[in-house]
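Examining the three-dimensional arrangement
Letter by letter, the chains look like this.
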Amino acid sequence: MFSAIARVFRTPDLRRKIGFTLGIIAIYRFGAHIPAPFVDFPNVKTCLDQSGSTEGLLSLVNLFSGGALLQLSIFALGVMPYITGTIIVQLLRVVIPHFETLYKEGQAGQAKLTQYTRYLTIALALLQSTTLVTVARSGQLFGITGVPECQQLLTDEAWWAQLLMIVTLTAGTGLIMWMAELVTERGIGNGMSLLIFTSIAATFPSALWSIAVARSFDIFLLVLAVGIATVALVVFVEQSQRRVPVQYAKRMVGRRTLGGSNTYIPIKVNMAGVVPVIFASSLLYIPALIAQFNANPAADGSVPGWVSWIQANFVNGDHPLYMAVYFLLIIGFTYFYVAITFNPVEVADNMKKYGGFIPGIRAGRPTAEYLDYVLTRITLPGSIYLGLIALLPLLALATVGANQNFPFGGASILIIVGVGLETVKQIDAQLQQRHYEGLLR
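This text gives an overview of the structure that appears in the document.

Calculation rules
- Residues numbered from 1 in each chain as written.
- Predicted model: local features only at pLDDT ≥ 70, side-chain atom pairs only at ≥ 80, totals over all residues.
- Heavy atoms only, no water.
- Axes fitted to C-alpha atoms, helices over the stretch in contact; angles between N-to-C directions.
- Helix = DSSP H or I, 4+ residues; strand = E, 2+ residues; numbered from the N terminus.
- Parallel < 35°, antiparallel > 145°, perpendicular 65-115°, else oblique.
- Left-handed = near helix turned anticlockwise from the far one by under 90°.
- Contact = heavy atoms within 4.5 Å.
- Nonpolar A, V, L, I, M, F, W, Y, C, P; charged D, E, K, R; others polar.

**Topic: the packing of helix H9 (residues 191-201) against helix H17 (residues 410-433)**
The geometry of H9 relative to H17 is characterised by a closest axis approach of 9 Å and an angle of 135° between their N-to-C directions. Here H9 is positioned oblique relative to H17, judged by the angle of their axes. When the axes of H9 and H17 are compared, the crossing they make is left-handed. The residues of H17 that touch H9, namely those facing Ser193, Leu194, Ile196, Phe197, Ile200 and Ala201, are Ser412, Ile415, Ile416, Val419, Gly420 and Thr423. Looking at side-chain class alone, the contact of H9 with H17 contains eight nonpolar, four polar and no charged residues.

Now the structure itself:
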């Protein structure tokens, strides 16, 4: 393993790509600590110390920004607008036929879809930055009412100062998107995924240390052991796949004989990735958000009953009802997203077009029905696996007392392991192109 890593750095081209990627990551993390204009950073620091954790409506966005959101830095929005834009464009392929046509056109059509995603990312960044500045100005960013510093996070609340903050945060998102594309083109690939990986990995040391300080060193070792076991489980499931055998009949094209080969269709156990967890988390934030805007007490000091019920059951995340609804939503969104991204009818038509067939299954509609049968049954354990991994932070919140950004669980561990495996495969492929032994054995 160490000799393979040494070969990576002895290869000039690969060494240059890794150095370029590390430089972009360093710039990204440096920008995450530069406060936006007119932000009173000492007051922000005081509120961060008082809050102690990043629970609440903004916890998911703060996780993907590497903690930059609650610091109100120039990269406060992080990669979340791009993630949201990409998911929206994927969903629009089902609704808008023009998008599906562009997707099927190959590289030129997908480049057009990427351009649409960039425009949508800037629009979402503009909307989210406006919301963030408004929440910061109102003093509700940290949800703390007893600390005077949290009510005065901005040094100037004039309209032009707020406009400059909105433009700065939107420009920060555009710069992140540009840097990610640079890493994809000139680095080791998967630029946006690597920046997400960096943002989440940056929160790991502080999250683990907070558990050691708040509880005990024995609890810290227990959490570490659970984390190692969780990583091993995630790696095992993420690499698991059902290989559906496919044979191609021989055919004559001119004077050449093509086909006659055996291959397979890899159907992963977790085809949906981390998207169902993001969908379910975002949907469960809506009741808490509605309750927050209706939580003003009446003249007699009472709060509406439905608001109290939502605050008791759907805010902290340690309630059994919240966990049950979260688990069921993840299962439902997993089936929904897999049905969108994998079309058995399209796969069966492509196989029939090129003379491919599954042994024992007729081409055409029977093949599509068989693939749908396999996909439906392999998605069930994948969805249960996603639900259990997503519940780990909530179980840690209820037992260990950790916050909802518990590092070994939820979206964080899925992204860390997924991006790590993909990056190792990218480096391994480039090593093998140069006739070296790869990293993977």
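**Describing the packing of helix H5 (residues 80-95) against helix H14 (residues 320-341)**
Where H5 meets H14, the axes come as close as 10 Å, and the angle between the chain directions of the two elements is 65°. By the angle class used here, H5 and H14 are roughly perpendicular. Where H5 crosses over H14, the two elements pack in a sense that is left-handed. Listed contacts from H14 to Gln90, Leu91 and Val94 of H5 are Phe336, Tyr337 and Ile340. For the contact of H5 with H14, the residue count by class is five nonpolar, one polar and no charged.

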